[in-house]
Amino acid sequence: MRIRPLDLVAPALLAALLVGCGGAAPVAREPAAPAGPAAPVDTASAPSMQPDYDAPQEEGRASAAVEKAEEADASGAPAVAAAPPPPASPSPAPVAPSGGATAAGKPESRRSAAGAAPAPKKVSAPAPIGAPRPAAPPPAVAVTAPEPQGSESYRDYGVNPVEDPAKDRLSTFAIDVDTASYAIARRKILDGALPPYQAVRAEEFLNYFDYGYASPTAGPFAVHLAAAPSPFTVGHHLVRVAVQGKRVPVKERTPVHLVYLVDTSGSMHAPDRIELAKKSLRMLTESLKAGDTVALCTYAGSVREVLAPTGVESKGKILAAIADLTAGGSTAMASGIDLAYSLAERTLVKGHVNRVVVLSDGDANVGPTSHEEILKTIKRARDKGITLSTVGFGQGNYKDVMMEQLANQGDGNYAYIDSEAQARRVFSEQVGGMLQVIARDVKIQVEFDPSFVKSYRLIGYENRNVADRDFRNDKVDAGEIGAGHSVTAIYDVELKDAAPRGAGAAPVVVRLRHKAPLGSNVAEETLVKMAPGAIAPTFDAAPADLRFASAVAGFSEILRHSPHARSWRLSDVEKIARASASSKGDQQEFIGIVRRAGALAGGKADAVAARGAD
């Protein structure tokens, strides 16, 4: 689905698959640190790479005080990255100027997971000799054992730098329709903890919501451009680039052949895992139509073919096989993927959708194959026309890096399910995007005219970047758009005071390249210009969809501790969302999520209502 050189695959993915596939890990020495993107972070055990006051709250903390949630003064809560530090915590580094250079004039660099290490804490001087020592505390009696820290894995892809269009006027990235990051963050906030900043991917926050963009009148998608003064930074504008895929009626949908690959290992033995996965598969099966087929296999200590490819006309047989699934044992993911692809090849039909759907918590620990072989297997299957999507479940040991990278390599999409309502959203209400591909290898290139624009910065899509020179290289893999999918990108832009005028003047030009879902591998290109008149005079005068997307972008920037958002406030995000949200349930829910995050950021844990209380 996107460019994924092997050296960009997250080290956590590699390590998990090495162990899961029986590979021998180095013992005598640490492997050399790879160049390029930062390594994944085990948020439960790794030392914090940020000031102490930025550390996420303890996972799982929650309160049922609904009334206090309404009375809490979340409106004054500061931005997460600006909360007052405890005495021993270091101060955050100064924010780089908007022009992309530090105070010393050096180019601004991307934040990495390793980042700049915090200043060492001050060590108290030893007490003078002869000073009385404090009495030892009495031994604890019947103390409850500490909660396990868990072993969740996330990867920090950094934050895009500010660019000068006089030096680089092109911003190029692959399309992305994943939504898992927002669902993971929502779950943690509802459960009483701020998400780890490494878990926040701004593009997945933005693309979680349906903004009601108009469908294309012709072709696979429509492009919608809009801009308005920024509500967060004085003198800046926010530019929105939106792509809306065409909606395809069920009766016109291409036949699909699905293989459900379900993790039934012991780590999936919980109601919010295996039982929720079974409910999800029942919903997906109910969404299929005549001519579609389903196969089912599982992996735990071993792999098992539960159901050979079966037409949806025998729906009762498919649902019975799903109902019989149980969890227990270790995790042989590699062997499971091999079996799933072998089942998919039995029903491989050129021109149809052939897809493996992996349902797991990503915690692989047993298997006979190296990580290189797994990636080769996925690529070979992708080249044959078999794609792979991933659906994540559970928390505490969840491996986000694993699940995201498998979907990326498999040209599929990645979702996270934390409730039956979320399962219904993914597998019933929006299932068309998974079952019907309308465009392949979609790339976006945004050109900023230096006559209009002083600086620009893309919010999110850090791990979707494409080299400008590869925009028209049709051999470079990119993302796919499914029926009804929408993609939203927000740029933080500083405009020049004086700009040229004229019929051909355009501050922003957007180009898209895509391949047809079937047939030719030669891409088509679309060009859309933004007229200067499309820039709203005030933020309040901008379209509601742009204002709500701005709130979502601001929320993600604060949660991921973007250095550009240190002065942004969650109270402002909530006000913007309240004023611009539609009546749709997900947008109304967002307001409450921001309010709860504000309460947590202000240290008012008792003001956060229990999950599902709203």
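Above this text is the structure in question.
What comes next is a walk through the structure. Values in this document were obtained by computation on a predicted structure and should not be read as measured data.

### As for the overall build of the chain
Scanning the chain from N- to C-terminus turns up 14 helices and 17 strands. When contacts within the chain are restricted to residue pairs at least 6 apart in sequence, those whose partners lie at least 24 apart make up 84%. Carbon together with sulfur atoms contributes 55% to the accessible area of the chain, which is approximately 25600 Å² in total.

### A word on the packing of aromatic side chains
Tallied over the full model, the rule gives 19 aromatic pairs. A centroid spacing of 6.1 Å and a plane angle of 55 degrees characterise the contact between Phe205 and Phe555, whose relative ring orientation is tilted. Pair noted here: Phe205 is in helix α4 (residues 202–206) and Phe555 is in helix α12 (residues 544–559), with a separation of 350 residues, a long-range link. Feature note: the residues Tyr182, Phe205, Tyr208, Phe209, Tyr211, Tyr213, Phe548, Phe555 and Phe590 constitute an aromatic cluster, connected by ring pairs. Positioned above the aromatic ring of Tyr208, the side-chain terminus of Arg425 is 3.8 Å from the ring centre.

### Focus: the packing of α12 against helix α13 (residues 570–580)
As a packed pair, α12 and α13 sit with axes 9 Å apart at the nearest point and diverge in direction by 155 degrees. By the angle class used here, α12 and α13 are roughly antiparallel. The two elements α12 and α13 cross, and the hand of that crossing is left-handed. From α12, Ala544, Arg547, Phe548, Ala551, Gly554, Phe555 and Ile558 reach across to α13, where they touch Leu570, Val573, Ile576, Ala577, Ala579 and Ser580. In terms of residue class, the contact of α12 with α13 is built from 10 nonpolar, two polar and one charged.

### A closer look at the side chain of Asp441
Residue position: Asp441 is located in strand β12 (residues 437–448). When its relative accessible area of 10% is taken as the criterion, Asp441 is described as buried. There is a polar contact of 3.1 Å between the side chain of Asp441 and the backbone nitrogen of Ala478.

### Thoughts on the pattern of salt bridges
When charged atoms on two side chains of opposite charge get close, those side chains can pair. Taken as a whole, this structure holds 38 salt bridges when the rule is applied. Arg201 is paired through a salt bridge with Glu404; the nearest N and O atoms lie 3.8 Å apart. Of this pair, Arg201 sits in the loop between α3 (180–190) and α4 while Glu404 sits in helix α9 (residues 400–409), and the two are 203 residues apart along the sequence. The class for Arg201 is buried, based on a relative accessible area of 3%. Judged by its relative accessible area of 0%, Glu404 is buried.

### Quick notes on the packing of α12 against helix α14 (residues 585–601)
Taken N-terminus to C-terminus, the directions of α12 and α14 make an angle of 35 degrees; their axes are 12 Å apart at the nearest point. Of the two possible hands of crossing, α12 and α14 adopt the one that is left-handed. Of the residues in α14, those touching α12 at Phe548, Ala551, Val552 and Phe555 are Gln587, Phe590, Ile593, Val594 and Ala597.

### Description of the sheet that holds strand β15 (residues 486–495)
Strand order in the open sheet made by the four strands is β4-β5-β15-β13, with antiparallel pairing throughout. Strand pairing shows two members of the sheet lacking a second neighbour, β4 (221–229) and β13 (453–459), which therefore form its edges. Averaged over neighbouring strand pairs, the angle between their axes works out to 20 degrees when direction is ignored. Summarising the sheet, strand β5 (residues 237–245) and β15 pair through eight bridges and their orientation is antiparallel. Bridge assignment links Val239 to a residue of β15, and that residue is Tyr491.

### Quick word on the environment of Glu152
One can find Glu152 in the loop between α2 (66–71) and β2 (153–155). Note on Glu152: relative accessible area 2%, which makes it buried. Measuring from C-alpha to C-alpha, the distance between Glu152 and Asn397 comes to 4.6 Å, with 245 residues separating the pair along the chain. Here the side chain of Glu152 touches Tyr154 through a polar contact of 2.7 Å, side chain to side chain. Reaching out from Glu152, the side chain makes a polar contact with the backbone nitrogen of Gly396 at a distance of 2.6 Å.

The rules behind the values
- Residues numbered from 1 in each chain as written.
- Predicted model: local features only at pLDDT ≥ 70, side-chain atom pairs only at ≥ 80, totals over all residues.
- Heavy atoms only, no water.
- Helix = DSSP H or I, 4+ residues; strand = E, 2+ residues; numbered from the N terminus.
- Contact = heavy atoms within 4.5 Å.
- Areas by Shrake-Rupley, 256 points an atom, 1.4 Å probe, with all protein chains shown as cover.
- Phe/Tyr/Trp six-rings, centres within 6.5 Å; stacked < 30°, edge-to-face > 60°.
- Lys NZ or Arg CZ within 6 Å of the ring centre and 35° of its normal.
- Axes fitted to C-alpha atoms, helices over the stretch in contact; angles between N-to-C directions.
- Parallel < 35°, antiparallel > 145°, perpendicular 65-115°, else oblique.
- Left-handed = near helix turned anticlockwise from the far one by under 90°.
- Nonpolar A, V, L, I, M, F, W, Y, C, P; charged D, E, K, R; others polar.
- Buried < 20%, exposed > 50% of the residue type's maximum accessible area, 1.4 Å probe, protein only.
- Polar contact = N/O pair within 3.5 Å; in protein donor to acceptor, adjacent residues only side chain to side chain.
- Salt bridge = Lys/Arg side-chain N within 4 Å of Asp/Glu carboxyl O.
- Pairing = 2+ DSSP bridges.

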